[in-house]
Structure formats: C-alpha cells, structure tokens
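Topology and contacts: notes
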Amino acid sequence: IIMRISSRYYGFLDLSNQKNAEIRNLVQQTVTNLQNYIANGHQNNAVTNIYDSSTRSDQEDNGDTKPIDAETKEKAVVSIGDDENYVNALCKLGHLHLLLGEYSEALSAYQKYLRFRENSYWTNHTFMYGIGVAYFKLRCFKWAIKSFQELLYLSPNFTCANEVHLRLGLMLKHCGEFHIALKHLQLALLYTYPSTFSELQVKFQIAHLYETQNKHKAAKDGYEFLLKEKNISLELKADVYRQLGWMYHCVECLGEKKERETYALNFLQKSIEADPKSGQSLYLLGRCYAGINKVHDAFLAYRNSVEKSEGNADTWCSIGVLYQQQNQPTDALQAYICAVQLDKDHKAAWTNLGILYESCGQLRDAYACYLNATKQISFQTSSLFRRKQVIRMKKDSIGLSKGLTQRIKFLEVQLSQAPLPSITSKRRTLCSIEEAWNLPISLEMNSRQQQTAQMLPRQMAKQSPVQGPPPPYPHSQLSQSPIPAKRIKEDGQQELVQHNNQTATQLNSNLMNISETLSQRNLIAMPGDSKKISEQSVVDTFDDISNDIYKQNETIKLERLSQDAISNNLTEDSKHNEYNGGGSDTSSDLTTSFKIQMDSKQLMSSVKLLPIDEPPVHFTILQVNAPPPSPPDCPPQKLTRDQLLPPTPSVHLENKKNAFSPQLQEFCLKHPIAVVRGLAGALKLDLGLFSTKTLVEANPEHSVEVRTQVHQSPDENWDTSQGKRVWACISHRSHTTIAKYAQYQASSFQDSLKLVLPQDESDKGFQGSQAMSDSDSKDSVSNSTNIVLKRKKNKINSKMLRFGTNVDLSDERKWKPQLTELQKLPAFARVISAANMLSHVGHVILGMNTVQLYMKVPGSRTPGHQENNNFCSININIGPGDCEWFAVPDAYWGGVHNLCEKNNISYLHGSWWPVLEDLYKENIPVYRFIQKPGDLVWVNAGCVHWVQSVGWCNNIAWNVGPLTARQYSLAIERYEWNKVQAFKSIVPMVHLSWNLARNIKVSDTKLFELIKMCLLQTLKNVLHIQEYVKSKGVEIRFNGRGKNEASHYCGQCEVEVFNVLFIKEQEKRHVVHCLSCALKLSPSLQGIVCLEEYRLSELQHVYDSFSLHRTQGLAYTQ
C-alpha cells in the first residue's frame, strides 16, 4: 500500500477518517522508519556533519577539530546523490508528510530531494505536484505557481491536472492575474478525472472572479445560475447568497439604494439560514445594518459572528466604528485593540484607533497608531504573499493613504512644538496604547482571542527553519499568528520617541477641524473596503475546497489511482510519468534514439517502438530532455555607475550608400539596441505620408486603439494614492477613429500654446515662491499665493492624456503610397524580405509582419516589454516631436522579470514602467536616448525596452527576423516559456520552421541544427499522435491547407496545433483542439474528428531535403 501512495492521493485519501486509521498508522510508522533511515543510513561521517554540524560540534570532545572543507562537503553530497534509495526516500517522505497534512515537514523533505536532483527534478512529476501542493498550503503562491506551471508544461495529461488547474486559477485570481486565472478555472471544468471539487464549486469561483473584476452583471448571472441547480450543497448555497447579498449592498449599478439594501439583507439572511454557523455572513449582515443606521441590529449580528468562532479583525474593527459613532470611546478602544491583536497588519483598525486618540487630544498615541498603519501599507505592497490591490478604491479610500502621510507630518510638527506634560496636565480621556494593550479586556474579546489561537493550523504552530536548496523558503510569510502584534506596537512607540519626546495636551482649532474631516473619511473607509472583505471570504475557502473529500466516491477514486500505481521499490518510485505514458526508460530512449542525423524512415521506425497505451508525453521544440524554460540569472560581474549608464550605439548616415552597406546590418546585429540617425534624409523617405494630416485625408474613419494614461515625466512613475514611485503603469483601453484622434492631437497642441504666456507671467509674478522647496509648499502654506501654486501643480501632475496606438496599416488598398515608400529601406529593415523570417510565416501577423502606426501627444507611454517571441523590431519617428527610449540588454531580462514579480506585476501580462534606481540596485544597465524625427531605432532580439514621447509625433513600427542562430534560438526559447506561462505565442514557430525548411538554404551550422531539431521533434510528435489516434479506432481525415490560411491554435489552452487537428463532431462552429484538450473532452476520443493538414509523405520529403548548405555566402536564397 505504501509503495503505491504518492502525492497524487492528496485530497483523495483522507487519513483523518476513522475508516482509514489502519492506513494512517502504517503511514506514520513508515515516516518514522524513513526518518531513521535518512538520519542513520550512511556511514560517511562527513555526510552526517553536513546535515547536522551543530550536533557534531556538541559531540566532539576535541576542541581543535578542523571543519569540513567545501570540497569534502561537495564530494559527500555527490556520494549521497548517487544513492538512489536515499534520494528517493526523501521524495517518499515528502509524499507521506503531505498526506498527513504536515506541510512544513513535507516541504523540507521535498527541498532536500530537490537539492540532489537539481538537474533532473522535472522528470519526477509526482514530486513537482507534491511540492506545488505544499507551497500552496503554506500560501507560498509564487513558488506554487512556478511548480504547477512547469508540471502542466511537462505533462498536460497528468492524472491530477484538474486539481492543478483549479489551484492555479485560485492563486492567480488572488494575485490579480484574472485573464489567466479564468483560463485555468475553465480548463479545470473540462477534465473527466476524479476530483476533490465539484463542478458547481468551480463555477462559483468563476462567478467570483467576474465579481472581483467588477464585471457585476456576469457575476450576478453566474451566482443566479448556481442557485437554480438542484444538487447545490447548503454550504455552497450559503456562499452564493452571501456574495449576492454583499454585491447588492456595494454595487450601485444594481438598482436604487433602498431596493438594493432590501435585497442585500434578504440574501444575507438566506445565507445564514443555509449555514447558521457562517460568522462571515453574520458579519456582513452587521455591516449592512450599520449602513442603514440600525445600530442595535448591527451589534447583534457582530456579536453572533464572534460567537460562531469566525469573528476576525474586521469584525472587531467594525464594532469599534459603531462604538465610536455612538460616542463610546473606551469601548471603541477595546474593540480596535482586539482587532490589531488578532491581525497586526490591519490598516483600517490602526487608522481608526489613531483617529480615536486624536479626537481625544492624545497626539502621541495617535501618532504611534498612524505609523503602524503606514507600516502595514508598506508591508502589504512589498510582499509577494499579500493580496494585490486590484479592486478600484473609492475616492475616500484613495485619499486615505495620502491623508495618513499628511497627518503624520502634521503631528510631527505639533509634537515637536508642544510643551512637556506636567503633573497638573489635564487627565487623559483614554489610557495610552501601551496600557490598553495590557489591560484585561472584556471576557467576550478574550475568549475570542483564545479560540483564534487554538484554530491555527498545526503546521503553523510548530514551524522550524526549513533547510534545502532553492527555491528559497519564505519563512517570514508563513506565520499568521496574531502574537507579534505587540512587537509592532512597541516598534511604533520607539519610532515615536525618535521623532519627538513631547506630547501635546490640546489640539488647536485648526487641528481639530482637519481631524474631524479625516475622522469622517476614515470611519466611512471600512465600508469602502467592502469588496476586499467579500473577496477575502472567498479566498479563505482555498483550504476548504482543496480538502473536500467526497466519501461516496472514494472507492472508485482509489481504484482508478491503483491501476496507475507506481512500482514496488523506492528506486522505481523515482521514475517519472509512471501513469502518464512513458517512464524514465522512455526518456533515455529519446536521448539515444532520436537525433537530427536520422532520416524520416529511421524516425518513423523509432516512433513505432514508442508506447501507445497512453497519449504522447510533453512536446517541445527545444533539445530532448531539456529542463522547463525559466528566466535566466543576470550576468554576475559587478558594474560601475558608468557601466550602468552605457552610451547608446548610434550611427549617422550621410548617403544612400551608407544605408545599404553590409556594415550597417552588422552594426545593428552586434548591439542590444542601436539608433540609425539621418536615415530619412539619406534615403529621401517622404515621412509626410505618415503625418496626421495625410492619414486623415486618406482614411479618416480608420480605427485607432486609445490608451488613457497619466502624464508623468519619463523617468518617474508615481502612485498618486500612496505618494511613491511604483512599477505598475495603468492605462485604460478604448477605441476611436483617426479623424477624431487627430482632432484631439491638434487641440492638445493648441492648448499648450495658450498656456505658454500665462505660465511665463506667473513665473515673473511669483519668483519668491518658486524658491520654496516641495516640503515647504506642502504643509507650511500660509498665504493664498502658495495655495494657488499648489493647486495648479497638483492639477498638472494628475493630467490625463490619450495615446493612439496599434493603427493597422496592413491593407495595401488603403495604404499603398505609405507601404511603397518603405520599400526604399535596406533589405534587412524591410517589412517583407527573403532575409526576414517573418516573411516566411505565410500569413499576416498584425503588427509583426505588417506596419503599425502610433499617434502621440507628450507623455504617451509604451510600457516595458520584449517583442513578441523575441523578434527584432524597427521603429521610425515621423515627427515633429521627439521620443525618449529606455532599454535593457536581453542578458538581463531575468533580472527585470524578478523585479516585476517583486512589485506584484506579471512580466508578460502586466503593464509596467521600471523605477530606474531599482534597476541600478540590481546591477542592471539601462540605455537611455532621444529618437529624433527621421531616426530609426533597431531593437535587437530579446532587448527589454520602454518608450515615452517628449513631443507631438507619430511613429511607425514592425518586426523583423534576421536569419541568425541567435534570433531563432531566442524565438523558440520564448515560444516554450510562453507555454509554461499559459501565454499565447502569436508567432507559430513550428509552422514557421517548416516553411523555413521549404524556402531557404542554411549555411550556418548552429541555425541548421536548431531548425532541424524543431523538425525532428514535430515530425516525431505528429507520427506518435497518429499512431495513438489509430489505436483508439479514430480515422484520420485529410483536410489540407488553404492559401494564406492562418496557423491553428487550440481553442482551450491556446498552444499552436500543427498538422493533426482535433474538432468535436457535433459542433456547429468547429473549434480546433490539441490532443491534450481533446482527451479532456473525450478520453476515448469518441465524437472527436481528427484532421490532417499535410500528408506524411510531404512532411517526410521536407524533413529529408533540409540539409546544411555548404557553399559560402548568404545563409538564405530566395
């Protein structure tokens, strides 16, 4: 039994169930035996010392014993790594700890296993699933997402793939990656595998995803659909009613306020009827009552919520708000203290506690509370494991963080000027924060804290440092105990002492007025966070969903897993894909049997030897047995400040001969980015054809995508709500026409001319005030002149602009003069050229092998990115204004990726504008330069770049793919990494590679080997799939390809589907599926039609004909 058990049983085998007591005892006994084996099974003394050097030093009597040197340790580690039984015992130990719910211990064992299998861990899929679940349960979402993504990349047909998709969907929703989260949740619904969750639970998560995105109609429809289902459980019904009720309370577009409040109360009461133990629903009911001033009913609901053992910091904070509104400051103080003791990071509770102290004239305590509140803001934004603030905050809430900072500065001034307290000073209304923390609070509050402490998961209670290899274990994020809250309070007091040693006895009238305004704002701020609370209630169902055991189906599930069981010894337990078709032996066969030197007949013979009882395993166009692609480490060498700001490679063209010289292409290919100045003049390009005036005359109704952005200086990106630099670059999408955008572009220019004179006059009139520093003008405003200047400055800073982007110029009938003009460019820079890989795709890829135009006003931003599939790009500034460019060499893109993650932004899906100082701190160099009208910017393969317009201008751009090994290699690496990230590659690299093999002759050995490997891998995959399909009794029908027909992508997972297409037979609109998604729809492929685009004979001919061209000269022919 133990040998059959692995991480795949997690969630299916309930060891807490009395029926499984015998198995549990057996598992625990095995854990003890494995631990003893691991600790004592090795006779090499040095090995023991590596794992327990402290024990060794205690046991050694000889004080001058020399420590083990690094070389000895390395040899010892290698010797252990060679012991298959020892290494596999670590993996098995991780599996068993996982099934026992001992997640920290499981992670520790898994990480030790990873240390010895750094170069092959990806071949053990049960390990990858197990460590992913352990990270998930410990809320280390960054590492859980990485493990699960790699697992799905390597094995889309993994037995627990549906569990993986669900958990990925939940985590990505939690992190704000809504588009990808929805994709994973929808994929989780497709599987027919046994699961620990029901279809309705997944649909509930999808509805909640829509709610989180503010797509309220879709969310409401989803919730109402679930309520109509007959087999919905009472618990899920309670959750649905709770979400619906809270939506009606918060969302104004759902009707008139009175009507909405009635619905809200009704739905929340139905939620409580369905699940009387739901403290969350009672809490939200109390919030609704408080919102309509039914104070007594609100108190009752809050009290009931606490009694249900689900009262949390939010509940106590809301109770404090009610007490404060009823002018009961002492009771409010106790409630807020209880809230921050339960959750030391509760910003609203700290803020409201500060307001309470300030209203009572206790500035020192108010100052300490505000400091703690701002600490929590800082912590929440910097941590990868705190919820990303993705819900739009109301205006009051947006001003809260900014207002808090202003209050702290104001209080610093007041406290520094206040006299020291004396014996005759007026007695304080409330006890100090330190006294309140240690006061015996009400019995109800005290019992609630004890209940919370008891409810903490067992693994959280016995946390110990986890040793093991990367990925690093984030200890600080694991503990969710409320105990350290007191330390935060004490730190706040220390900071208070540092800033001032005096307290104020009374507030002056000016302070009191501002305080009342802030108090009103903050006391209403808790309801302003309503969507966040609603979201938290759903996020907290992570553990509930992942632990659901459907006991009535348990026997069936275990039988299913038993058929796929692993072998009967630890060595065989390490083999990957034991139930996915193909083990480690198959993997070694791939290495030896499939080489690019094989011809198609040999390849076909080898494929026939592969097993077809299971679907073909992971398909990649990289080298055989390559690890899952991942961002690279930055180059290790430390750069000087000058090297961090390298000069931009540039060349000035004087005539047409310079433009067409081979040296120009060599110059561009040699650098990460290059500026070719004077290109338009040298080639006599008529840039006026791309001016706004000409575009309006040619096609005024042509579509323009518009991005609404905040106007900021090029090297800054501020979050106005928090008053600090950030990476997130927000822009909202809409659409207009060329004529309408041209009108906006012209009017913004005219407005700027009108502002010049008043600006000059104001400069002359207020020269004295301009000498003031920023800090002077913010808080020390004493006259109307400075107030006017301050308001004007704020208005300019928050100015919004519209950026016209992605104007498609691909239609030759509409834009013939413009496209013809671009034929004057040298061959390597043209849109269409035999030397350009993208010209061999065979169909249009908008913006890549076609021209796109950008219409800009000053401040228009193209956020940071690498080009699609890492292809090179050409950008020409039409003018009349300039553009400012920032660029990072491709060798450092992994470092930029890590900084995006650190700032809670998706590198691929997010919109980001790097903070330059962050890049310099991480030893990442940045090119920075101005692109003038007529200048061409060459962006080399993989270069990270971001651009902002300085003036009013238009730009044209497209991609090119030089026929070099570096370009092709970077393109296929990104193609594979996009699969890991569930990101669609808009360049179909497989289709492109076969067309390159048909159309060109390659003399570069490296490029030839890369393309040939892609052909080998795809032909092998095609042959294997066809053999598997035939074994299922499915006929393969020839479909062919139309001229200029676009490449096919799977309608579910969006990977490229080459040659063998699967569609549902009874479908009106045929959607192409890959084999993996077709098997989700029908494991036996019944009702699925298999189509073939190319005959095998044609593919074999192309494969055999593609050979290394030995002649000297160009690496391509037309």
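Residues numbered from 1 in each chain as written. Predicted model: local features only at pLDDT ≥ 70, side-chain atom pairs only at ≥ 80, totals over all residues. Heavy atoms only, no water.

Here we take up unusual backbone geometry. Geometrically, the link from Gly-879 to Pro-880 is a cis peptide bond, its omega value of 5 degrees lying close to zero. Looking at the element boundaries, Pro-880 is found in strand 10 (residues 872-880). Positioned with a positive phi, Ala-982 is a non-glycine residue whose angle comes to about 55 degrees. Residue placement: Ala-982 occurs in the loop between helix 46 (965-980) and helix 47 (989-999). Given a relative accessible area of 15%, Ala-982 falls into the buried group. The phi dihedral of Glu-1054 is positive, around 65 degrees, even though this residue is not glycine. Topologically, Glu-1054 is positioned in the loop between strand 17 (1048-1049) and strand 18 (1056-1057). Of the residues examined, Glu-1054 reaches a relative accessible area of 28% and is grouped as partly exposed. (Helix = DSSP H or I, 4+ residues; strand = E, 2+ residues; numbered from the N terminus. Buried < 20%, exposed > 50% of the residue type's maximum accessible area, 1.4 Å probe, protein only.)

As a further point, take the pattern of salt bridges. Scanning the entire structure with this criterion turns up 25 salt bridges. In this structure, Arg-167 engages Glu-163 in a salt bridge whose closest nitrogen and oxygen atoms are separated by 3.1 Å. Pair noted here: Arg-167 and Glu-163 are both in helix 9 (residues 161-174), with a separation of four residues, about one helical turn. Glu-163 gets classed as buried once you look at its relative accessible area, which sits at 0%. Arg-966 is the partner of Asp-890 in a salt bridge, and the nearest nitrogen-oxygen pair spans 2.6 Å. Placement of Asp-890 in the loop between strand 11 (883-888) and helix 44 (893-902) and of Arg-966 in helix 46 is noted, with a sequence separation of 76 residues between them. (Salt bridge = Lys/Arg side-chain N within 4 Å of Asp/Glu carboxyl O.)

Okay, empty space enclosed by the protein next. Under the criterion given, the structure shown has 11 cavities of 30 Å³ or more. Volume-wise, the largest cavity comes out at about 840 Å³. Along its surface, the largest cavity is lined by 41 residues, and Pro-156, Cys-1053, Val-1055, Cys-1074 and Ser-1076 are the ones closest to its centre. Taken together, the residues that form the lining of the largest cavity break down as 24 nonpolar, 11 polar and six charged. (1 Å grid on protein atoms, 1.4 Å probe; cavity = no way out; pocket = protein on both sides within 12 Å on 5 of 7 lines; lining within 4 Å. Points joined across faces, edges and corners; volume = space filled by probe spheres on them. Nonpolar A, V, L, I, M, F, W, Y, C, P; charged D, E, K, R; others polar.)

Once that is clear, we can look at the nonpolar core. Ranked by internal contacts, the top residues of the largest apolar core, which has 158 residues, are Leu-919, Tyr-968 and Met-989. With 14 residues, the top contributor of residues to this core is helix 48 (residues 1005-1031). Among the nonpolar cores identified, the runner-up in size contains 70 residues, and Phe-204, Tyr-223, Leu-363 and Ala-373 belong to it. (Core = buried A, V, L, I, M, F, W, Y, C linked by side-chain atoms within 4.5 Å.)

This brings us to the environment of Asn-304. Its place among the elements puts Asn-304 in helix 16 (residues 295-307). Exposure remark for Asn-304: the relative accessible area of 31% places this residue in the partly exposed category.

Let's shift gears to the layout of surface pockets. Size it by volume and the second largest pocket reaches roughly 930 Å³. Lining the second largest pocket are 33 residues, and of these Lys-142, Lys-146, His-897, Glu-901 and Gln-981 sit closest to its centre. Listing elements by their share of the lining of the second largest pocket, those giving two or more residues are helix 8 (141-154), helix 9, helix 44 and helix 46. When residues in the lining of the second largest pocket are grouped by element, the largest group, seven residues, is from helix 8. For the lining of the second largest pocket, the per-class residue count stands at 15 nonpolar, 10 polar and eight charged.

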